[in-house]
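What follows is each chain in one-letter form.
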Amino acid sequence: MLSNKKIGFVGGGNMAEALVKGLLTSSLVASKDIFISDLISDRLEYLSKEYKVKTTGDNQELVQKSDILVLAVKPQAVKKVLESFSDLVDGNKTIISVAAGISIKLIEDTLDVERKKKISVIRTMPNTPALVQEGATAICGSEHSSKLDIKIAHHIFTAIGQTVDIEEIHMDAVTGLSGSGPAYIFMIIEALSDAGVKVGLSREVSNILTIQTILGSAKLARDGGKHPGELKDMVTSPGGTTISGLHMLEEGGIRNALMNAVEMATQRSKELGENK
């Protein structure tokens, strides 16, 4: 599907590197077919040496050589970056954005899509576990995106984890859940580790047990074929230790706190998007 496709990454930051690493590790794309542009020469030198990909400081050169353009720059830089090469983009190229809060319409308007034929613009929202190829990425396409375009986008992002199709109207909810979600989990990890220390475990042992417990629980929830409530009940014996702990979590309002966190992050994502 990606054979003979040249993929250009506009921006060589962490997410671009995660995608490059995933694509090469899974042998979906050859290093000779990957191009990266960035303003920082040291970063380009590192990426070239580490992954044997082609690099350039010139966005226009990258655009000319690429079939698929991945916008991997900071959201506030997207419009300026697009304007720098908009004259080179036509209906033969696919634009994939990983910039948080940047709508398909903003990208289309900047590229003047209606004047320049039907350009496929695909918006995605990956999260930071992509850095270890365990990301979650939501994908939505524009009215000019074909089924093949969407399939190619999924193919690219499965190299760094799992993907889902959504409508763009739900992208803020994705940001609030899976985009911000790793921070919620890291806070839970930190709290559980502190709890282990509080009841007498060393920090090293507490960290190992906490992280492996969460990792194992997540894999069981994904692969076990049971509802999370059923899995919880499997651990919870009548009058036992687990139900006592769960009672305290309910008393502390953990469900309400997590639901409110996702809702507030979603609302904030909407506000930030409106200000762009």
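Here is a short report on the structure shown in this document. (Residues numbered from 1 in each chain as written. Predicted model: local features only at pLDDT ≥ 70, side-chain atom pairs only at ≥ 80, totals over all residues. Heavy atoms only, no water.)

## Observations regarding the overall build of the protein
Within the protein one finds 12 helices and eight strands. Dimensions along the principal axes, computed over C-alpha positions, put the protein at roughly 70 × 40 × 30 Å. When each of the 276 residues of the protein is scored for burial, the buried share is 38%. Residue pairs at least 24 apart in sequence account for 67% of intrachain contacts in the protein once pairs closer than 6 positions are excluded. Summing over all exposed atoms, the protein offers an accessible surface of approximately 15800 Å²; the carbon and sulfur share of this is 57%. For the protein, the distance from the average site of its 31 positive side-chain charges to the average site of its 34 negative ones is 4 Å. (Helix = DSSP H or I, 4+ residues; strand = E, 2+ residues; numbered from the N terminus. Buried < 20%, exposed > 50% of the residue type's maximum accessible area, 1.4 Å probe, protein only. Contact = heavy atoms within 4.5 Å. Areas by Shrake-Rupley, 256 points an atom, 1.4 Å probe, with all protein chains shown as cover. Lys, Arg positive; Asp, Glu negative; His and termini not counted. Charge placed at Lys NZ, Arg CZ, Asp CG, Glu CD.)

## Some points on the pattern of salt bridges
All chains considered together, the criterion is met by 12 salt bridges. A salt bridge links Asp33 to Lys32; its shortest N-O distance comes to 3.4 Å. Between Glu250 and Arg255 there is a salt bridge whose closest N-O contact spans 2.7 Å. By relative accessible area, which is 43% here, Glu250 ends up partly exposed. Here the salt bridges share partners, and the residues they tie into one network are Lys6, Lys32 and Asp33. (Salt bridge = Lys/Arg side-chain N within 4 Å of Asp/Glu carboxyl O.)

## As for the nonpolar core
Counting residues in hydrophobic clusters, the biggest one holds 31 residues, and the most contacted among them are Phe9 and Ile156. Each residue touching Phe9, except ones within four places of it in the same chain, is listed here: Ala16, Leu19, Val20, Leu23, Ile34, Phe35, Ile36, Ser37, Leu62 and Val70. Core analysis: the second largest hydrophobic core is formed by 27 residues, Leu71, Phe85, Leu106 and Val113 among them. (Core = buried A, V, L, I, M, F, W, Y, C linked by side-chain atoms within 4.5 Å.)

## Quick notes on the side chain of Ser145
As for its position among the elements, Ser145 is in the loop between β7 (135–141) and α6 (147–157). When its relative accessible area of 16% is taken as the criterion, Ser145 is described as buried. Within the structure, Ser145 has its side chain in polar contact with the side chain of Ser120 (distance 2.8 Å). A polar side-chain atom of Ser145 sits 3.4 Å from the main-chain carbonyl oxygen of Val121. Every residue in contact with Ser145, bar those within four places of it in the chain, is listed here: Ser120, Val121, Ile122 and Ile150. (Polar contact = N/O pair within 3.5 Å; in protein donor to acceptor, adjacent residues only side chain to side chain.)

## Some remarks on a nonpolar patch on the surface
Taken together, the side chains of Val199, Leu201, Val205 and Leu209 present a nonpolar region at the surface, about 350 Å² in accessible area. The topology assignment puts Val199 in the loop between α8 (181–198) and α9 (203–223). Val199 sits in the exposed class, given a relative accessible area of 69%. (Patch = residues over 30% accessible without salt bridge, like charges linked within 9 Å, V, L, I, M, F, W, Y side chains within 5 Å.)

## Structural notes on the pairing of strand β6 (residues 120–125)
Counting buried residues in β6 gives six out of six residues, a clear majority hidden from the surface. Inspection of the sheet shows strand β5 (residues 94–97) paired to β6 by four bridges, in the parallel sense. From the neighbouring strand, Ser97 faces β6, where its bridge partner is Arg123. The pairing of β6 with β7 spans four bridges and is classified as antiparallel. Looking across to β7, one finds that Met125 is bridged to Ala138. (Pairing = 2+ DSSP bridges.)

## Some thoughts on the packing of aromatic side chains
Going through the model one piece at a time under the given rule, you end up with one aromatic pair. Ring geometry for Tyr46 versus Tyr51: centroids 6.5 Å apart, planes at 85°, classification edge-to-face. Classification of Tyr51 by relative accessible area gives buried; the value is 12%. (Phe/Tyr/Trp six-rings, centres within 6.5 Å; stacked < 30°, edge-to-face > 60°.)

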